[in-house]
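Residues per chain are reported as follows:
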Amino acid sequence: MHWVAGGFVFRRVESPFHKLDPRTKLLISLEFFAISLLAFAIIQVAIVLASVLFVAVYAKSLKRIGRTILMSAGFAGFIFAINLLFGVGLVSSLLYALRFLAIVSSTSIFFVTTSPDELEHTMKWLGVPRDIVFAFVTAVRFIPVIMLDAFQIMDAQKSRGLELEKGNFVKRIRNMVPILVPLVVNSVVRSGELAEAMESRAYGATPKPTSLYKLRLSRKDKSVMLVSLLFFAAVLYIYLRVKVPV
Amino acid sequence: MGSLVHIEKLSFRYLESKQWTLSEIELEVKEGEIIILAGPSGCGKSTLLRCMNGLIPHMYPGDYQGSVTIDGIQVREEPMGILAQKVGLLFQNPENQIFMFSVERDIAFGPENLALPRQEIRSRVDETMRLLGIEPLAQRAPHELSDGQKQRVALAGVIAMRPKLVILDEPTSLLDPKTASELVSLIQDLNTRLGITFVVVEHRLDLLTKLATRMVVMNEGRKVLDGKPSEVLSNERVGAYGIVVPSATRLYSELAKEGVKLARVPLAPSELTEQLRRIRR
Ligand SMILES: Nc1ncnc2c1ncn2[C@@H]1O[C@H](COP(=O)(O)OP(=O)(O)OP(=O)(O)O)[C@@H](O)[C@H]1O
Ligand SMILES: [Mg+2]
């Protein structure tokens with residue numbers, strides 16, 4: 001029942017890939033992203049997808065990335081159908097659909113293997129203003145909490161006789177009101193307390209707060225970055241120079 | 001011991017509110033005290049706490065009269081960043097006071113905001129975790145903690161600011177009895193070891209009366225009783241303010257009416273038993 005909320009919780013996995021600096025992971029993700037975007041042959045996209053899956057296995061995250069791919073497969077199918085419908089050739093339509101999958105899985109490498117903590121540091125490193133970073137942090141922190149809240153309210157209202165699954169579309173929407181009202185009220189109370197607690201712990205007291213941790217590129221990170229950049233350059237060279245049959 | 005909190009003729013009215021929530025409050029808190037603040041719902045306990053740590057008037061605007069001085073500084077004049085190092089505030093629901101994704105990072109939140117050097121933050125975090133016995137939780141995420149652990153972590157976040165005064169607003173109301181009494185022992189421990197002064201809004205009087213040096217009762221925005229817990233609890237007016245008097249103390253008052261005068265006001269059954277035994281001899 002509460003597995004949905006669990007899906008929003010980062011799971012720590014021990015893998016050599018997870019241990020890399022988030023910026024290294026970001027670079028790899030971006031390289032895959034660019035390669036998928038620029039690919040003009042099905043074989044290229046297929047190779048990208050295969051490499052992403054290979055990285056996923058290395059990062060012990062095949063299941064999660066696989067699930068992301070499966071979830072976006074529906075939308076890929078939609079892209080395929082629309083293209084066919086508008087007279088784009090079969091092969092090109094397939095290419096567009098696969099390219100979409102490759103792009104999604106490339107980006108998911110970064111998000112699946114990076115903890116919210118690392119994400120926060122990466123955002124700070126990228127120069128995102130502190131308030132925005134903190135808004136992001138609290139959003140991610142409280143999504144599962146608020147979802148659990150929602151389930152509890154649903155249980156409570158069901159036990160008072162609210163029937164969520166009955167009726168036509170309009171009725172069902174209307175049934176959501178007794179869930180949403182307490183949920184919104186709860187969240188407003190929560191954010192009020194949150195604001196008080198932040199103030200009480202000197203949030204915003206200095207323009208440049210320090211941090212317990214600082215991102216540091218290890219030697220391994222540097223070599224992984226270097227190798228991946230060389231690969232990236234090689235792929236771009238192939239894209240430019242070698243004619244691959246579509 | 002010196003005076004830590006000095007409140008003089010404090011009145012406060014929230015913006016757009018007709019009634020005064022606090023009326024001419026006078027309160028003096030000495031260093032090292034543990035004070036219970038009690039009173040019926042809506043009498044202004046939380047509001048008074050907000051005045052002590054500066055949320056009023058810095059976050060909540062309104063009509064403010066009188067003065068609150070903490071450790072020699074005027075709450076009204078100093079920014080929250082300074083006040084946060086004097087007074088720590090802990091609320092009922094620890095969930096809403098843990099912002100970060102790991103215990104360690106959360107404890108570091110306050111010191112980070114003060115822009116302390118990394119080494120200093122590290123040592124404060126380690127020291128605080130050791131003090132509260134939560135070192136094994138350092139890398140845990142908030143959702144991996146029990147309610148009692150969350151409460152400890154939230155308290156750690158406050159202690160890491162090295163406050164002289166910690167105020168707690170109904171800290172045990174979401175805890176089971178065992179966890180609640182553990183929190184109370186922790187309060188006692190921090191009080192004796194670090195000399196931290198506590199003001200606690202609490203309904204579970206049985207746990208706190210033993211260590212409290214004083215009890216303050218409020219009603220409709222005014223301070224109505226102030227004294228040793230035994231004095232306040234044996235006062236005949238206390239029942240009128242919706243305070244549940246421990247049964248041992250109630251029995252003492254009943255006996256007194258019948259003409260049986262015990263030497264001391266008992267706060268717990270064990271104290272009462274002892275005194276009765278002495279009488280029988
Ligand atoms: N932010 C606010 N704005 C306006 N009025 C408020 C605000 N917060 C509290 N009040 C009002 O001030 C009065 C005192 O509230 P306060 O929360 O201080 O009481 P309390 O003694 O802590 O009660 P409880 O035991 O229920 O927590 C109440 O009448 C309340 O409605
Ligand atoms: Mg209150």
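Quick caveat: nothing in here was measured; it's all calculated off a predicted structure. (Residues numbered from 1 in each chain as written. Chains lettered and ligands numbered in written order. Predicted model: local features only at pLDDT ≥ 70, side-chain atom pairs only at ≥ 80, totals over all residues. Heavy atoms only, no water.)

A few points about the overall build of chain B
Within chain B, the regular secondary structure consists of eleven helices and ten strands. Relative to the 2.2 N^0.38 estimate, which gives 19 Å for 281 residues, the radius of gyration of chain B is 20 Å and therefore close to what a compact globule would have. C-alpha extents for chain B along the principal axes are approximately 65 × 45 × 35 Å. A buried classification covers 55% of the 281 residues belonging to chain B. For chain B, the accessible surface area stands at approximately 12400 Å², while carbon and sulfur atoms represent 48% of it. Taking the average location of the 35 positive side-chain charges in chain B and that of its 36 negative ones, the two points are 4 Å from each other. (Helix = DSSP H or I, 4+ residues; strand = E, 2+ residues; numbered from the N terminus. Rg over C-alpha atoms; globule rule 2.2 N^0.38 Å. Buried < 20%, exposed > 50% of the residue type's maximum accessible area, 1.4 Å probe, protein only. Areas by Shrake-Rupley, 256 points an atom, 1.4 Å probe, with all protein chains shown as cover. Lys, Arg positive; Asp, Glu negative; His and termini not counted. Charge placed at Lys NZ, Arg CZ, Asp CG, Glu CD.)

Remarks on the interface of chain A and chain B
On the side of chain B, 43 residues touch chain A, which itself brings 36 residues to the contact. Across the chain A/chain B interface, buried area totals approximately 3500 Å², and carbon plus sulfur atoms make up 55% of it. Seen at the junction of chain A and chain B, the total is five salt bridges. Across the pair Arg201(A) and Asp106(B) runs a salt bridge whose closest N-O atoms are separated by 3.4 Å. When residues of the side of chain A that touches chain B are traced back to their parent elements, those giving at least two are helix H7 (116-125), helix H8 (130-159) and helix H10 (177-200) of chain A. Broken down by element, the residue count for the side of chain A that touches chain B peaks at nine residues, all from H10(A). Its residues assigned to classes, the side of chain A that touches chain B comprises 17 nonpolar, six polar and 13 charged. (Contact = heavy atoms within 4.5 Å. Buried area = accessible area lost by both parts, 1.4 Å probe. Salt bridge = Lys/Arg side-chain N within 4 Å of Asp/Glu carboxyl O. Nonpolar A, V, L, I, M, F, W, Y, C, P; charged D, E, K, R; others polar.)

Some points on the domain arrangement of chain A
When the domains of chain A are assigned, the result is domain 1 (16-114) and domain 2 (127-200). Each of domain 1 of chain A and domain 2 of chain A has a C-alpha centre, and the two are 32 Å apart. (Domains from an automatic or database assignment.)

With respect to the nonpolar core
In terms of nonpolar packing, the biggest core is built from 57 residues, with Ile134(B), Leu155(B), Leu190(B), Phe198(B), Met215(B) and Ile243(B) touching the most fellow members. What Leu190(B) contacts, discounting residues up to four positions off in sequence, is Leu131(B), Leu132(B), Leu155(B), Ile159(B), Gly195(B), Ile196(B) and Phe198(B). Counting residues in each nonpolar core, the second largest holds 49 residues, with Val137(A), Tyr14(B), Met52(B) and Phe91(B) among its members. (Core = buried A, V, L, I, M, F, W, Y, C linked by side-chain atoms within 4.5 Å.)

Considerations on the packing of aromatic side chains
Aromatic rings in a pair are described by how distant their centres are and how their planes are angled relative to each other. As enumerated under the stated definition, the model contains twelve aromatic pairs over all chains in all. An angle of 85° between the planes, with centres 5.1 Å apart, marks the rings of Phe12(B) and Tyr14(B) as edge-to-face. For the pair formed by Phe12(B) and Tyr14(B), the shared burial category is buried. An aromatic cluster of three or more residues is present, and its members are Phe134(A), Tyr203(A), Phe99(B) and Phe109(B). Between the NZ or CZ atom of Arg23(A) and the centre of the ring of Trp125(A), over which it lies, the distance is 5.0 Å. (Phe/Tyr/Trp six-rings, centres within 6.5 Å; stacked < 30°, edge-to-face > 60°. Lys NZ or Arg CZ within 6 Å of the ring centre and 35° of its normal.)

Some remarks on the environment of Ser108(A)
All names here are of chain A. Considering the arrangement of structural elements, one finds Ser-108 in helix H6 (residues 90-113). For Ser-108, a relative accessible area of 7% translates into the label buried. Counting along the chain gives 42 residues from Ser-108 to Gly-66, while the straight-line C-alpha distance between them is 9.9 Å. Every residue in contact with Ser-108, bar those within four places of it in the chain, is listed here: Ile-65 and Thr-68. At 2.9 Å, the side chain of Ser-108 forms a polar contact with the backbone oxygen of Ser-105. (Polar contact = N/O pair within 3.5 Å; in protein donor to acceptor, adjacent residues only side chain to side chain.)

Examining the domain arrangement of chain B
Residue and element names in this part refer to chain B. Split into domains, chain B comes out as domain 1 (3-237) and domain 2 (246-281). On a C-alpha basis, the centroid separation for the pair domain 1 and domain 2 is 33 Å. Across the boundary between the two partners, domain 1 contributes five residues, which contact six residues of domain 2. Of the roughly 530 Å² buried at the junction of domain 1 and domain 2 (both faces included), carbon and sulfur atoms supply 81%. Applying the counting criterion to the domain 1 and domain 2 interface returns zero salt bridges. Here domain 1 and domain 2 share zero residue pairs in polar contact (both at pLDDT 80 or more) between them. A per-class count over the side of domain 1 that touches domain 2 returns two nonpolar, three polar and no charged.

Details of the site of ligand 1
All names here are of chain B. Taken together, 13 residues lie near ligand 1, and Ser-41, Gly-42, Lys-45, Ser-46 and Thr-47 sit nearest. Residue Ser-46 places a side-chain N or O atom 2.6 Å away from an oxygen atom belonging to ligand 1. A total of 630 Å² of accessible area belongs to ligand 1 in isolation, and the protein chains cover 61% of it. Classifying every residue of the shell around ligand 1 gives four nonpolar, six polar and three charged. (Near = heavy atom within 4 Å.)

Points about the packing of helix H4 (residues 42-58) of chain A against H6(A)
All names here are of chain A. Axis separation between H4 and H6 bottoms out at 9 Å; the angle between their running directions is 25°. In terms of axis orientation, H4 runs roughly parallel to H6. Where H4 crosses over H6, the two elements pack in a sense that is left-handed. Residues Ile-42, Val-45, Val-48, Leu-49, Val-52 and Val-55 of H4 pack against Val-91, Leu-94, Leu-95, Leu-98, Arg-99, Leu-101, Ala-102, Ser-105, Ser-106 and Ile-109 of H6. In terms of residue class, the contact of H4 with H6 is built from 13 nonpolar, two polar and one charged. (Axes fitted to C-alpha atoms, helices over the stretch in contact; angles between N-to-C directions. Parallel < 35°, antiparallel > 145°, perpendicular 65-115°, else oblique. Left-handed = near helix turned anticlockwise from the far one by under 90°.)

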